[in-house]
Amino acid sequence: MRAPIATAIAIAVGLIVLLGYFVPLPILDEIRTTLLDWGVTLAGVAALVGIINLIITHWHRVTAARNRDLYSVILILSFIMTLAAGVVLGPSDAQFQHVITSIQVPIESSLMAVLAISLAYASLRIFQKRKGLIAIIFVISALLFLLVTSGFLASGSNNPILASILTAINQLPVAGARGILLGVALGGLATGLRILMGADRPFSG
Amino acid sequence: MISVSGIGLNTIAGLLVVLIGAGAIFLIAVIDRKKSPRTLRPIAAFQSLRRAIGLAVEDGKRLHVSIGNANILTPNSASALVGLSTLNRIAQLSMISDRPPIATSGDGTLAMLSQDTLRDAYRSGNALEQYDPMRARLAGTTPMSYVAGTIPIIHDENVTANILVGSYGSEVALLTDAIDQKNAFSLAASDSLTAQAALFATANETLIGEELFAIPAYLQAGPFYTASLYAQDILRWIVIAVILAGSALKLLGII
């Protein structure tokens, strides 16, 4: 086995955290909390390393011999300005926050608007991509729930039969979602167990 | 709540599921090592993926693996871990390509892990000189900035096949739209219901629910991956039996 020390540490930490969840021993809980705190700190350091990686990537693009990317210049300048302002004023400064959100919120809202159009267009073209029963059920479900959630049928909720039908229809996505999420949870469990067994190692050591 | 020596029934049930899962994975993997490998049911998406990988390698084009923006400390990191296993296998499968695969992620930890995964794949293939840490990038740290940082990679880096495996929101549709505009292939899988719905309408191939966790097994990553699929099936039948038994007991007024 390659990197036996790293693998042993990962398995031991994983087992302690898992046992701390199942076995109510104060000492185990304390160790688990400490290990998770270390994890949070390491994730913070990793975020910093990731951002340095991002800046280096864009610096390479700016200084490339061919196909220079001018958008990367904007990214690097924005990063330097944000970092400088954050260091001088502090990240919780009200004016700093105001400037950042005034830029970020409209940009993200614009992307959401583009996303809405992209999804609407994709839904119109869905039968080009997908054929068969599942695609038909998907489209019918989407249209049905658009109709139900639009409020068009709300006036009929005084009718007990229609109200029962609407209630049953509203329960359908909950049941479907639970089914899918149970499958996802079991898959997540199996992934975690593979890591605890050292069969799956997302680290090379 | 019913409890045994201060441990709740939920905790005991959880522990049982974990132990049964671990036992099943271990036993099936050990049995499979002595016998011929089990056959998995055919899924069209994986056949398309293998074809897309082959075509990209033949044509000297690039593969792009997106690992999403899950935080490694949250429960949805499992999908990102599958993304990392997928990246490892795809790096191995495309090692002879002129253009090595590129990985993007939306979290610092995932970016580091994807660099490590790529290095591990090249080292195990005795091709460490091909490893370039700049091919595993942090594209952005928020969902939208991740999408904004990944779209130029899809457009400008000669990518013909995109594998999106990880945690996303509905914004992932912007990525699949960019892939569509480039006439490239996309296989997408996410643990999020919103993303699954968006991907069903926009990606070439979409994996629904737990199919996400089957990707490494279908890419023949090893016996433990196949064993964990069978263990999931066993656990699923147990869960179904418990749900049905619970419903019957409730119906009879026993609980």
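Criteria and thresholds
- Residues numbered from 1 in each chain as written.
- Chains lettered and ligands numbered in written order.
- Predicted model: local features only at pLDDT ≥ 70, side-chain atom pairs only at ≥ 80, totals over all residues.
- Helix = DSSP H or I, 4+ residues; strand = E, 2+ residues; numbered from the N terminus.
- Rg over C-alpha atoms; globule rule 2.2 N^0.38 Å.
- Buried ≥ 20, exposed ≤ 12 C-beta atoms within 10 Å, placed from the backbone.
- Domains from an automatic or database assignment.
- Contact = placed C-beta atoms within 7 Å.
- Nonpolar A, V, L, I, M, F, W, Y, C, P; charged D, E, K, R; others polar.
- Axes fitted to C-alpha atoms, helices over the stretch in contact; angles between N-to-C directions.
- Parallel < 35°, antiparallel > 145°, perpendicular 65-115°, else oblique.
- Left-handed = near helix turned anticlockwise from the far one by under 90°.
- Core = buried A, V, L, I, M, F, W, Y, C linked by C-beta atoms within 7 Å.
- Pairing = 2+ DSSP bridges.
- Expected span 1.5 Å × (residues − 1).
- Right-handed = clockwise from strand over helix to strand, strands pointing away.

A few words on the overall build of chain A. Looking only at helices and strands, one finds 7 helices and 0 strands in chain A. Moving toward the C terminus, one meets the helices and strands of chain A in the order α-α-α-α-α-α-α. For 205 residues, the compact-globule estimate of 2.2 N^0.38 gives 17 Å, and the C-alpha radius of gyration of chain A, at 26 Å, exceeds that figure by more than 25%. Dimensions along the principal axes, computed over C-alpha positions, put chain A at roughly 65 × 55 × 40 Å. Taking all 205 residues of chain A together, the buried fraction comes to 11%.

A few words now on the domain arrangement of chain A. Residue and element names in this part refer to chain A. For chain A, the assigned domains read domain 1 (1-89), domain 2 (95-124) and domain 3 (125-205). Distance between the C-alpha centres of domain 1 and domain 3: 33 Å. Each side of the interface is counted separately: domain 1 has 8 residues, and domain 3 has 7 residues. When the residues that make up the side of domain 1 that touches domain 3 are grouped by side-chain class, the tally is 5 nonpolar, 2 polar and 1 charged.

Let us look at the interface of chain A and chain B. On the chain B side, the residues contacting the 47 residues of chain A number 55 residues. Contributions of two or more residues to the side of chain A that touches chain B are made by α2 (26-62), α4 (94-124), α5 (126-129) and α7 (160-196) of chain A.

All names here are of chain B. It is the contact of helix α1 (residues 9-34) with helix α9 (residues 223-251), at a shortest axis distance of 8 Å, that shows an interaxial angle of 135°. Regarding the angle of α1 to α9, the classification is oblique. In terms of crossing hand, the pair formed by α1 and α9 is right-handed. Mapping the contact onto sequence places V17, I20, G21, A24, I25, I28, A29, D32 and R33 in α1 and P223, F224, T226, A227, S228, Y230, A231, I234, L235 and I238 in α9.

Moving on: unusual backbone geometry. Residue and element names in this part refer to chain B. Of note in the backbone geometry, N158 takes a positive phi value of approximately 55° without being a glycine. Given 16 C-beta atoms within a 10 Å radius, N158 is considered partly exposed. If you check the backbone angles, N183 has positive phi at about 55° while not being a glycine. Summarising the element assignment, N183 is placed in the loop between α6 (172-181) and β7 (185-190).

Our next topic: the nonpolar core. Of all hydrophobic cores here, the largest spans 84 residues; its most connected members are I25(B), I163(B) and V172(B). Contact partners of V172(B), with chain neighbours within four places excluded, come to L164(B), A188(B), S190(B), A195(B), A198(B) and L199(B).

Another point: the sheet that holds β7(B). All names here are of chain B. Spatially, β5-β4-β3-β6-β7-β8 is the arrangement adopted by the 6 strands of the open sheet, whose pairing is parallel. Of all strands in the sheet, those with a lone pairing partner are β5 (136-138) and β8 (205-207), marking the two edges. Neighbouring strand axes in the sheet, compared pairwise and without regard to direction, differ in orientation by 15° on average. Bridge analysis of strand β4 (residues 102-105) against β5 gives 3 bridges, and the strand direction is parallel.

Its 29 residues place the ends of α9(B) 42 Å apart at the C-alpha level, agreeing with the 42 Å of an ideal helix rising 1.5 Å per residue. Along α9(B), the residues that are buried comprise P223(B), F224(B), Y225(B), T226(B), A227(B), S228(B), L229(B), Y230(B), A231(B), Q232(B) and L235(B). On its buried side, α9(B) packs onto α7 of chain A together with α1 and α8 (215-218) of chain B. The first or second residue beyond α9(B) is G253(B), which carries a positive phi of 75°.

Turning our eyes to something else, we now look at the domain arrangement of chain B. In terms of domains, chain B is made up of domain 1 (3-35 + 232-251) and domain 2 (47-221). Just the C-alpha atoms count here: the centres of domain 1 of chain B and domain 2 of chain B sit 32 Å apart.

With 26 residues, α1(B) extends 38 Å from end C-alpha to end C-alpha; this agrees with the ideal 38 Å at 1.5 Å per step. Within the span of α1(B), buried status applies to G21(B), A24(B), I25(B), I28(B) and A29(B).

Turning our eyes to something else, we now look at the pairing of β7(B). Residues and elements named next belong to chain B. Among the 6 residues of β7, 6 are classified as buried, and the element is accordingly described as predominantly covered. Alternating residues of β7 divide into F185, L187 and A189 and S186, A188 and S190, and every residue in both groups is buried. Pairing geometry for strand β6 (residues 159-167) and β7, over 6 bridges, is parallel. Along β7, the bridge assignment pairs N162 with S186. Strand direction decides the pairing type here: β7 and β8, joined by 3 bridges, are parallel. Each residue of the ladder has a partner; that of A188, found in β8, is T206. Regarding the hand of the β-α-β motif, the stretch spanning β7, helix α7 (residues 193-202) and β8 is right-handed.

Following both chains from N to C, one finds α4(A) and α6(B) inclined at 60°, their axes separated by 9 Å at the closest point. By the angle between their directions, the pair α4(A) and α6(B) is classed as oblique. Judged by the twist between their axes, the crossing of α4(A) over α6(B) is left-handed. Taking contact as the criterion, the partners of L111(A), V114(A), L115(A), S118(A), L119(A) and A122(A) in α4(A) are, on α6(B), A173(B), L174(B) and D177(B). Among the residues making up the contact of α4(A) with α6(B), the classes are represented as 7 nonpolar, 1 polar and 1 charged.

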